[in-house]
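Structure at a glance
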Amino acid sequence: MNRSPFLHPDRRQLLLGTAGAAGLVLAGPGPVAAAGPVAALKVGRGQPFDLGWRFQRGEGTGFEAPGFDDGAWRRVDLPHDWSIEDLPPAPGRDPADLKGPFDRKAEGKTATGFAVGGEGWYRKRFHLASAPPGRVEVLFEGVYMNSEVWLNGHRLGAHANGYTPFAYDLTPYLSPTGENVLAVRVRNLGRNSRWYSGSGIYRHVWLDVLPEAARIQRWGVGVVTQALGDAGARIEIGTRLDDLSPGLTIVSRVRDDHGRIVWEATAPAVADLRQTLTLGRPRLWSPEAPNLYVLETELRRGATVLDRTETPFGVRIVAFDAARGMTLNGAPIKLRGGCIHHDNGLLGAAAYDAAEARKVALLKARGYNALRPSHNLFSPAFLAACDRQGVMVIEETFDTWRKPKVPQDYSIAFDADWKTDLAAIVLSVRNHPSVVMYSIGNEIPGRNSPEGVELQWRLANEVHRLDPTRPVTAAINSFPGPLVTPSTETARAGAGGVTDHAAAVFLDVVGYNYKLADYEADHAQAPQRVFFGTESLPADVFAIWDLTDRSPWLVGDFVWTAMDYLGEAGIGGSNLAPATMNKTMAGLMPTGWPWVNAFCGDIDLIGNRKAPAFARDVVWGLSPLEIAVQRPPPEGKVDVPRHWGWPDELQSWTWPGAEGKPLTVRVYTSGDRVELRLNGVAVATKRVTAADLKRVELQVPYAPGVLEAVAFRGGGEIGRRQLVTTGAPAAVRLRPERPTGGAGRGDVSFVAVEILDAQGRIVPDLARDVRLSIAGPAELAGFGSANPLAVGGFGAAVAQTWNGRALAVLRGAGRPGRVRLQALSPGLAPGSADVLLA
Amino acid sequence: MIVMDAPTYPPAAAFEPPVVAPRPLSVRNYSAAELMRMPAAWAVVVKHLPGIKMMVANEQAKAMTETMTVADFAVFIGGDSPAALAAIDAELSALQAPAGAAR
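Residues numbered from 1 in each chain as written. Chains lettered and ligands numbered in written order. Predicted model: local features only at pLDDT ≥ 70, side-chain atom pairs only at ≥ 80, totals over all residues. Heavy atoms only, no water.

1. A closer look at helix α6 (residues 450-466) of chain A
Residues and elements named next belong to chain A. Rule in force here: Strands are runs of DSSP state E lasting at least two residues, helices are runs of H or I lasting at least four, and both sets are numbered from the N terminus onward. Take the residue count of a helix, subtract one, and multiply by 1.5 Å to get its expected span. Exposure is judged per residue with a 1.4 Å probe applied to protein chains only, and the accessible area is read against the type maximum: over 50% gives exposed, under 20% gives buried, and values in between give partly exposed. Contacts are assigned to residue pairs with any non-hydrogen atoms lying within 4.5 Å of each other.
Helix length check: α6, at 17 residues, gives a terminal C-alpha distance of 25 Å against a target of 24 Å (1.5 Å per residue), a fit within 8%. The buried fraction of α6 amounts to twelve of the 17 residues, a majority that puts the element mostly inside the structure. Turning to α6, its buried residues are Gly452, Val453, Leu455, Gln456, Trp457, Leu459, Ala460, Asn461, Glu462, Val463, His464 and Leu466. Where α6 is buried, its residues contact α5 (411-429), β27 (435-442) and β28 (472-476).

If you want it as C-alpha cells, here you go:
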C-alpha cells in the first residue's frame, strides 16, 4: 500500500535504461504479482523477493540441497507467520485444548499467548538468465528467529535475533545455469520470548542485483539536520560506498514532497563522502505537519547508474533539557506515548505494510504522538508509517543483555551479536525523522552491577558512535545499587563528575517503568535529569498527565499498552472476585488458558476503543466527556481490575436482567459538573473537582431507554453523550474501512463486521457466529474478534463476534478486481460489501 | 524561521569504572536479592511484609529480584505505603551493611 512516491517508487526497482545495466536484464517479465515457483529478476536494488516461496512446518534433513523436491511443500508468499495458522488436529488430545493456533500445552504458556513455535523451512527458486552480475545480495527485514540460509546448498550464515535485518552476498554461489535455490531454516524453539513473537519470515525480503561490485553501502546514507537558521536548514549528508573502482561519481539529489528537485550535486566517489547543503524555507517535520523530503543517491560510471537509493528524511531538531523539557523545532512538546508489541492481531506477526500503517493510524487518531515499539526493532513499513503520519518513536533495541529473562532468549546470542545487531538497528533507522531517541534496553537484569554499568556504557557509547544526533535512554523499573560518579573521559557529554544512579549514569534521558510515585522525589534529588515514563499503568493516566503537563523535566509517558497484543495473556482486564477478598490480591489473581491476549490496551486487538481510551480521550482533550457503565457483577462478587487492567465497563446501556438495580456509571470529563438523565429525567448529578482528576462515578438504577450525560464547566455545557438500549440483533453489517485497497499479495484490506439491531445500532456485548464468503480476487488473511480468550482460529470462514464486532482481513490475489463479501449469521439479515482492489 | 543548532551526543573517549558512593541499607538502595542474601535484613523485611516471601518465590518475580527492590515488590502486595517502607528502613539502618556490598 505504499503509494507514496517516497517509499516504493517504481524507480526503486529498476536501473534499466542505462547502458551498463542493459546487458544484465533478464529474460521474462519482471517481478510478478502472483505466486509462482520461479521469479525472473532484473537488475536493481531492493527488488521485492516475497513471492513464490515453498514452506514446510517441521524439521528434516537435506532441505537445503538444491535438488531437493519441495513440490509437496505449501506455497506461501511473504510476509508469513506460521504461529498464527491453525494447528492440525492432534489425535489423542482433548479438542478443547486446541483452539485455532493456540495450544493449552504450548511451551510459552501465557507469555506467548499459548502460541506454538517450532521449526520451519522455506525454499525459493529464482532465475538469473545472464552471466553473473557484479553483486547479488538478499536482505531479510526480519525472521523469527535463529535462521540459517543456504544458496544452492552453500551455507551463507546464521542470524539469531528475530527482529533485526540481515543480508547475505549471494554472488559467489550463484549457479552458472541461472537456476538458483535459496533455502531458509527458522527455529523458534524453547522459551525464548516473553510475548507473542510469531514464527518465520514475517517481514519482507528484498534482492539487490547490481552490475558491478561497487555500491552504496547498505544503510550507508545518513541525512542530518544540523541547524535551523534564517537562511534555512543546514543539512549534512554522509554517503558510504563499498568496493570502489576508479572513474565513479556520486549524484545526490533532494526532492520535496511534490517531487521538485530542491538541491543536486555531483562529486567524485570516495569511500566516505560528506556533503553539506542549505535548504531554504524548509518544510519542517512535526506530528502536526509530517513533511518529508527524499534524498536520491546515484552511484554512476559516466552516464550509467550502477546503484541507486532513495532516503526519505525530515528536517527537524529535537532537544532535551530539564528546564524546558523536550522541544521539537524549538517548541515544547510532550511525548503522548504508548507502548506496543509488533503483532498485528489476527494476522499474527506478519508485517503487511497496510497493517503496520493501520496500527499507527489507529493510535494517532486516539491522540498518541509517540510510540515505543517494545522491546525491539519494528518493520521498516511501521517506521515509514510513523514518518508519514507524524508519530514519534522511541527505538528500542534489546529486552535482554547477558542475563536471560526466559531460558532460550536472545541473551544466548548477546555477547556474539549485540554489536552487529545494534549497528543494523541504528544505521537502518537513523534517517527516520520519527525516531527521536534510542533505548538500549528494557528492564535489563543486572544493569546495576559493575558489569552491567560497563555494558550500559558500551551500548550507549556505541549508539553515540553510530548516530551522535539522538539521545540514549533505557526503560528502568527500579534503581537499586549505588550512586556513582563517572570521569570526564567516560561520561556522556557534560556529565563528567556528575553523580547519578548506577543504572542511569550513562543515559542522556532516563526512562522510568511504573515509577510515578518516585518522579518528584527523583527530580528533587537529580534536578538535571530529564526523564519520562517508558511504561505506566493504564489506571494512572489521570495522575500521570496531571503531573506531566506541569513538569518540564518530565517529557512524557508511554502507557503499557496503547493496543492489545497477543501474549502476556490476561495481564489487563479485571477479575471477578469474592466481595470479601483483599483487592490487591484479587487484582493479582493469575489468568491462564484460554486467555491469549494481554488485554491491557486502549484499543482492542481488532482496532476498536476500549474503556481506557475513553478516559484518555478526555485527559488528552480529544473529547470533553465520555461515559461508560460497569458490567454488573454477579451477587457476592466484585470486579477488580488487574495490575495493568481496567474495570469491566462498556459504552452500553443494554443490561437485560439488571432492571431496577443500581449500575455504576463512570464519567470522564474536563468539566466541573456532570448530570445524568435517564429517559429525559435528571437522575444524578455530581461536581467534578481538581482532586477527581477528571473521573467520577455515579449510581443509576437501570431501566431501558436513553442514558444521557451532560458535562458543564463554569455553568456552560461543554459536552453531551448518550447511551441507548439496543434491541434484539437483526442484521450483519460489513463495513470496509476503505472502499479501495491494494491488489498485490502483500496488500491487505480491513472490513469491520458488526451485528446491528433493527434500528442499525451495534448490539454491544454480543457473541454471534458469522460465516463469510468472498467472491473476487482476494483471500481471507484473517477473520476473528478481539475476544481475549481463545475461541478459535483466525483463518476460517466462520468466526464469532465479541462485543458485537469482528474484523475480516482480505489479502489481494495479485490481480485487480472487485471483491464481494457476504456475511451470514443464523436468524439475522445477511450483510454484504464490495472492496475494489487495484 | 527559528534559529538553533541541533544537539549532539558524541561518544566518550574510554571506559573507566565510575567512583562508587557508599549506600545506606534501605528498601530502595538494595535489590531484593541483595537483602535476601543478608539474613538479618531479610528477616526485617519479612516481618513487615510477610507477603513478600510468596511474591519472590514466583518464578517470574524471582528472576527480577536482582534488579527490583523491596519497595518495588511492595507495590504488588499492598505494602508500599511510605510509612510501611520507612518502618523497614528504620530497622535496616540499625544493621551494618556488609563490607563490599557497595562497590
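2. Comments concerning the side chain of Asp242 of chain A
Residues and elements named next belong to chain A. Note the cut-off: What qualifies as a polar contact is a pair of N or O atoms within 3.5 Å, subject to a donor-acceptor requirement within protein and to the restriction that residues adjacent in sequence count only when both atoms come from side chains.
Looking at where Asp242 falls in the secondary structure, it is placed in strand β15 (residues 232-242). Under the relative-accessibility criterion, Asp242 is labelled buried at 16%. There is a polar contact of 2.9 Å between the side chain of Asp242 and the side chain of Gln217. Discounting chain neighbours no more than four positions away, the residues touching Asp242 are Arg135, Ala213, Ala214, Arg215 and Gln217.

3. Looking at the side chain of Glu462 of chain A
Residues and elements named next belong to chain A. Inspection of the secondary structure assignment puts Glu462 in helix α6. On the basis of relative accessibility, which here comes to 9%, the residue Glu462 falls in the buried class. Excluding residues within four positions of it along the chain, Glu462 makes contact with Trp418, Lys419 and Leu422.

4. A word on the packing of aromatic side chains
To keep it simple, the criterion reads: Here a pair means two rings of Phe, Tyr or Trp (six-membered ring of Trp) with centres within 6.5 Å. Their orientation is stacked below 30 degrees between planes, edge-to-face above 60, and tilted elsewhere. Charge-over-ring contacts are defined here by two conditions on Lys NZ or Arg CZ: a distance within 6 Å of the ring centre and an angle within 35 degrees of the ring normal.
Tallied over the entire structure, the rule returns 39 aromatic pairs over all chains. Ring geometry for Tyr293 of chain A versus Phe313 of chain A: centroids 5.7 Å apart, planes at 20 degrees, classification stacked. With Tyr293 of chain A in strand β19 (residues 293-301) and Phe313 of chain A in strand β20 (residues 304-313), the pair connects residues that are 20 residues apart, well separated along the chain. The side chain of Arg616 of chain A reaches across the aromatic face of Trp620 of chain A, ending 4.8 Å from its centre. Directly above the aromatic system of Tyr30 of chain B lies the positively charged group of Arg23 of chain B, at a separation of 3.9 Å from the ring centroid.

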